[in-house]
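Each chain, written out:
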Amino acid sequence: MKSDAESIQAAFRQVQDHIAAYLNEVEGTPFREDKWDFEKGRGGGISRIWEDGKVWEKGGVNFSAIEGDALPTSALAQIALPPGTPYLATGVSLVIHPRNPRVPTIHMNIRYFEAGDKWWFGGGIDCTPYYPVREQIIGFHKALKGLCEKHGRDFTQDKEACDRYFFLPHRNEARGIGGIFFDHVHSDKAVDLEFVTALGYAFPDLYHPFVEGNRDKPYGEREKDFQLYRRSRYVEFNLVYDRGTLFGLQSGGRTESILMSMPPLAAWKYAWKPPEGSEEARLTDDFLKPRDWAGQ
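Residues numbered from 1 in each chain as written. Predicted model: local features only at pLDDT ≥ 70, side-chain atom pairs only at ≥ 80, totals over all residues. Heavy atoms only, no water.

This paragraph deals with the pattern of salt bridges. Under the definition given, this model contains 23 salt bridges. The partner of Glu-223 in a salt bridge is Arg-102, and the shortest N-O contact between them spans 3.7 Å. Highlighted residues: Glu-223 in helix 6 (residues 221-240) and Arg-102 in the loop between strand 4 (87-98) and strand 5 (105-115), separated in sequence by 121 residues. For Glu-223, a relative accessible area of 15% translates into the label buried. Assessed through its relative accessible area of 14%, Arg-102 is described here as buried. A salt bridge links Asp-126 to Arg-175; the shortest N-O distance between them is 2.9 Å. Of this pair, Asp-126 sits in strand 6 (residues 118-128) while Arg-175 sits in the loop between strand 8 (173-174) and strand 9 (179-185); the two residues are 49 residues apart in sequence, bridging distant segments of the chain. Accessibility expressed as a relative area gives 3% for Arg-175, which makes it buried. Counted as one network, the salt bridges with shared partners bring together Asp-4, Glu-114 and Lys-189. (Salt bridge = Lys/Arg side-chain N within 4 Å of Asp/Glu carboxyl O. Helix = DSSP H or I, 4+ residues; strand = E, 2+ residues; numbered from the N terminus. Buried < 20%, exposed > 50% of the residue type's maximum accessible area, 1.4 Å probe, protein only.)

Here is the structure:
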């Protein structure tokens, strides 16, 4: 009989296959696949990457399952375990940067850790639009609320955790319009696994309204410039605050896979602000402020 960790890894591999099949279908051309070994321990992973596509300018869906002899400092800061504690970490993570600025960037991950005598699940999904559509955002949050309620999760708690986590303190600004975020979920392994894999399988239904509703909308240089400007915020968050990025780099993981989340292009403008009342100004004025979207 497989161990719990082996069963969880097998379930996560199926989630990766499911999501990659959807992204392939939308793009119309297959991903590039790289298999890699974890050089600082045992295990490895599979990276599936899209670049320079007609829909996905850059994106990836990664699976990893690694074991090491000592937890990285970023993990030790979160849990009460001594240095030198061996660990196992497995998960699926994705970031999709669409070509059309009218389609939001999206991030999702599900993960499982064992360290010493502790184990837990974590994960979440969040959406980062550039030109948001209110009805699509409401639908996204309502779908997540339904998913949480079906699996006995407190949607409000997970939604508020997402709002807190995906926030750039140095900008005093949310990264996007939120979603759900959870960590250190530790109740029943079978129940917890069912919830996190359900989130993975729900990804196509959660993202597809954004894709189909916006992928064919016209855009020009102004919209593309704004997309690149907003992508710079995404880079800042991932390199400064993202726990997964820090854990991956500190554990000696595969750099190319860890930094898959970076957009192909981004731009920084000195002290730039969008014109008052413009479509670009509406993003920060109306949408990047946490609210009860599911209740609207």
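Summarising burial for strand 5: 10 of the 11 residues are buried, a large majority. In this structure, strand 4 lies alongside strand 5, joined through 10 bridges in antiparallel fashion. Within the sheet, the bridge partner assigned to Tyr-87 lies in strand 5 and is Ala-115. Linking two consecutive strands that pair antiparallel, namely strand 4 and strand 5, is a turn of 6 residues. Sheet analysis places strand 5 next to strand 6, joined by 11 bridges and oriented antiparallel. The partner of Phe-113 across the bridge, within strand 6, is Trp-120. The turn linking strand 5 back onto strand 6 is made up of 2 residues, and Gly-116 within it adopts a positive phi angle of 60°. (Pairing = 2+ DSSP bridges.)

In terms of nonpolar packing, the biggest core is built from 61 residues, with Phe-12, Ile-125, Leu-199, Phe-203 and Tyr-207 touching the most fellow members. At 11 residues, the largest contribution of residues to this core is made by helix 5 (residues 189-214). For Phe-203, the residues in contact, after removing those within four places along its chain, are Ile-19, Tyr-22, Leu-23, Leu-94, Ile-106, Met-108 and Ile-125. Counting 12 residues, the second largest nonpolar core, distinct from the first, contains Phe-38, Ala-89, Phe-113 and Ala-115. (Core = buried A, V, L, I, M, F, W, Y, C linked by side-chain atoms within 4.5 Å. Contact = heavy atoms within 4.5 Å.)

So, on to the sheet that holds strand 5. The strand order across the open sheet formed by 7 strands is 1-2-3-4-5-6-9, and the pairing between neighbours is antiparallel. Every interior strand has two partners, whereas the edge strands, strand 1 (32-37) and strand 9, have only one. Across the sheet, the mean angle separating the axes of adjacent strands is 5° when strand polarity is ignored. Sheet analysis places strand 3 (residues 56-68) next to strand 4, joined by 12 bridges and oriented antiparallel. Residue pairing in the sheet places Gly-59 in a bridge with Ile-96 of strand 4. The strands that helix 3 (residues 134-150) touches are strand 5, strand 6 and strand 9; relative to strand 9, the one it contacts most, it runs at about 30°. (Axes fitted to C-alpha atoms, helices over the stretch in contact; angles between N-to-C directions.)

Now for the packing of helix 6 against helix 9 (residues 279-287). With their axes 10 Å apart at the nearest point, helix 6 and helix 9 run at an angle of 30° to one another. Classified by the interaxial angle, the pair formed by helix 6 and helix 9 is roughly parallel. Across the interface between the two elements, Arg-222, Phe-226 and Arg-230 of helix 6 pack against Glu-279, Glu-280, Leu-283 and Thr-284 of helix 9. Among the residues forming the contact of helix 6 with helix 9, the class breakdown is 2 nonpolar, 1 polar and 4 charged. (Parallel < 35°, antiparallel > 145°, perpendicular 65-115°, else oblique. Nonpolar A, V, L, I, M, F, W, Y, C, P; charged D, E, K, R; others polar.)

Time to look at the environment of Thr-284. As for its placement among the helices and strands, Thr-284 is situated in helix 9. Classification of Thr-284 by relative accessible area gives partly exposed; the value is 25%. Once the C-alpha coordinates of Thr-284 and Phe-182 are considered, the two residues, 102 residues apart in sequence, prove to be 25 Å apart. When near neighbours in sequence (up to four residues on either side) are disregarded, Thr-284 contacts Glu-173, Arg-230 and Lys-289.

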